[in-house]
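# Observations on chain architecture
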Amino acid sequence: MTNPPSQPAIAATGLRKSYGDKIVLDGVDLEVAEGTVFSLLGPNGAGKTTMVQILSTLIRADGGEMRVAGHDLARDPDAVRAAIGVTGQYSAVDKLLTGEENLILMADLHHLGRAQGRRRAAELLEQFDLVEAAKKTAAAYSGGMRRRLDLAMTLVGDPRIIFLDEPTTGLDPRSRRTMWQIIRDLVASGVTIFLTTQYLEEADELADRIALLDHGRLVAEGTADELKRLIPGGHIRLQFADASELESALLTLSEASLDDELTLRVPSDGSVRSLRALLARLDDESIEVDELSVRTPDLDDVFLALTGRTEQAKGTVR
């Protein structure tokens, strides 16, 4: 007997939200599987933060059906709140309290008993490598430590679903990678992560599925590799030791174009099969290649191609 499929952690159909005449979300459909990282990308004003606010019960939608952790968002928001945690762009840490005091305060808000609350605080301080800083005020914490404490506070109530809204903004590369590992560990334990991020590399690194929101609509959704295959631009770059080899290659490869001095660009999907076929053609003509590199589209290319926001800096979106 096969087990029935598990219900999605988050499901929305026809999600709509407007402010006056401005349509922010225009009939969005999405589904997030349990125990995965779902990343929502989009330019400024696309509606990402509004979607997080709706799904986390902070504001109401104008229309649509939504279920979070199996509960109807409109009919049972309290059950949704009991199942989720939210870590926003800006830390909710009280800088005048110590790390331990922040966690104990959160335990009190979750109505944990005194002893249970202290145990939970101790567990999270250990999990997030904050034991040595537990008695220090959060004002003395680095940005990375404060973000870790912020996420630890979100976990006091053992949420099944966590909304992370740009959790690594402003962190240095080492702190970002520490946060990435924490997110991976949470997912490995069965937690579902709904991630918005301004770093395309972060979505590529962490997300099981990625959705691209623009002007209130989802314009693409899939794995990182699926999204990258939506647009052209892959190529193989061939560099030659001298001009004679370059000229021979140009005669052999009619689809190639001059990329730089002694360098050709050949359109390719980046697969091993296409690379092998290209090298075989060159070998048949005894053409020697000095250096070779394969370039496939990345999420930057996907973002720019599908949103048309060429003014955005490559590597980051909001």
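Structure report, in brief.

Per the secondary structure count, the protein includes 11 helices and 14 strands. Along the longest, intermediate and shortest principal axes, the C-alpha atoms of the protein span 80 × 50 × 45 Å. Taken across its 318 residues, the protein has 46% of its residues classed as buried. Considering only intrachain contacts with a sequence separation of at least 6, the fraction spanning at least 24 residues in the protein is 69%. Accessible surface, the protein as shown: approximately 16,600 Å² in total, 48% of it carbon and sulfur.

Time to look at the side chain of Lys17. Summarising the element assignment, Lys17 is placed in strand β1 (residues 10–19). A residue is classified by how much of its surface remains accessible, and Lys17, at 11% relative accessible area, is buried. Beyond its immediate chain neighbours, meaning those up to four positions away, Lys17 contacts Lys22, Ile23, Val24, Leu25, Thr50, Ile54, Ile59, Arg60, Ala61 and Asp62.

This part is about the packing of aromatic side chains. Within the structure shown, the criterion is met by two aromatic pairs. Measuring from ring centre to ring centre gives 5.4 Å for Phe163 and Phe194, while their planes differ by 45°; the resulting arrangement is tilted. In this pair, Phe163 sits in strand β7 (residues 161–165) while Phe194 sits in strand β8 (residues 192–196), placing the two residues 31 residues apart along the sequence. Residue Phe194 is classed as buried on the basis of its relative accessible area, which comes to 1%. Through a chain of ring-to-ring contacts, the aromatic side chains of Phe38, Phe163 and Phe194 assemble into a single cluster. The residue whose ring lies beneath Arg176 is Tyr199, and the NZ or CZ to ring-centre distance is 4.2 Å.

Moving on, we get to helix α9 (residues 243–252). An α-helix turns once per 3.6 residues; consequently, residues spaced three or four apart project the same way. For α9, every residue scored as buried is listed here: Glu245, Leu246 and Ala249. The buried residues of α9 all sit within an arc of 100° when viewed along its axis, so they share a single face. Lining the buried residues of α9 we find β12 (257–260), β13 (263–267) and α10 (272–284).

Turning our eyes to something else, we now look at the sheet that holds strand β11 (residues 235–239). Ordered in space as β12-β13-β11-β14, the four strands form an open sheet in which the pairing is antiparallel. The open sheet has two free edges, formed respectively by β12 and β14 (291–295), since each of these has just one partner strand. Averaged over all neighbouring strand pairs, the angle between strand axes comes to 30°, with direction disregarded. Pairing of β11 with β13 involves five bridges; the strand directions are antiparallel. Residue pairing for β13: Gln239 is matched across the bridge by Thr263.

By the bridge criterion, five bridges tie β1 to strand β4 (residues 63–68) in an arrangement that is antiparallel. In the sheet register, Ala11 faces β4, and the bridge partner there is Arg67. Note: β1 against strand β2 (residues 22–32), eight bridges, orientation antiparallel. Directly across from Ala12, in β2, lies its bridge partner Leu30.

Using the criterion set out here, one finds 19 salt bridges in the structure. Notably, a salt bridge pairs Arg176 with Glu201, separated by 3.7 Å at the nearest N-O pair. In this pair, Arg176 is assigned in helix α6 (residues 173–188) and Glu201 in helix α7 (residues 200–206), connecting sequence segments 25 residues apart. A relative accessible area of 12% means that Arg176 is categorised as buried. Assessed through its relative accessible area of 40%, Glu201 is described here as partly exposed. The residue Arg184 makes a salt bridge to Glu205 at a minimum N-O spacing of 2.8 Å. Here Arg184, found in helix α6, pairs with Glu205, found in helix α7; they are 21 residues apart in sequence, far enough to count as distant. Arg184 gets classed as partly exposed once you look at its relative accessible area, which sits at 31%. Shared partners join several salt bridges into a network, and the residues in it are Arg120, Glu123 and Asp158.

Residue position: Arg148 is located in helix α5 (residues 143–154). Along the primary structure Arg148 and Leu124 are separated by 24 residues, whereas in three dimensions their C-alpha atoms are 9.8 Å apart. Look past the residues within four positions of Arg148 in its chain and what remains in contact with it is Phe128, Asp129, Leu130, Thr178, Met179 and Ile182.

A separate point is the nonpolar core. Among the nonpolar cores identified, the biggest contains 45 residues, and Leu103 and Ile193 are the most heavily contacted of them. The element that contributes the greatest number of residues to this core is α6, accounting for six residues. When near neighbours in sequence (up to four residues on either side) are disregarded, Ile193 contacts Thr36, Val37, Phe38, Ile162, Leu164, Ile183, Leu186 and Val187. In this structure, Leu15, Met51, Ile54 and Ala69 belong to the second largest nonpolar core, which totals 28 residues.

Parameters at a glance
Residues numbered from 1 in each chain as written. Predicted model: local features only at pLDDT ≥ 70, side-chain atom pairs only at ≥ 80, totals over all residues. Heavy atoms only, no water. Helix = DSSP H or I, 4+ residues; strand = E, 2+ residues; numbered from the N terminus. Buried < 20%, exposed > 50% of the residue type's maximum accessible area, 1.4 Å probe, protein only. Contact = heavy atoms within 4.5 Å. Areas by Shrake-Rupley, 256 points an atom, 1.4 Å probe, with all protein chains shown as cover. Phe/Tyr/Trp six-rings, centres within 6.5 Å; stacked < 30°, edge-to-face > 60°. Lys NZ or Arg CZ within 6 Å of the ring centre and 35° of its normal. Arc of directions from axis to C-beta. Pairing = 2+ DSSP bridges. Axes fitted to C-alpha atoms, helices over the stretch in contact; angles between N-to-C directions. Salt bridge = Lys/Arg side-chain N within 4 Å of Asp/Glu carboxyl O. Core = buried A, V, L, I, M, F, W, Y, C linked by side-chain atoms within 4.5 Å.

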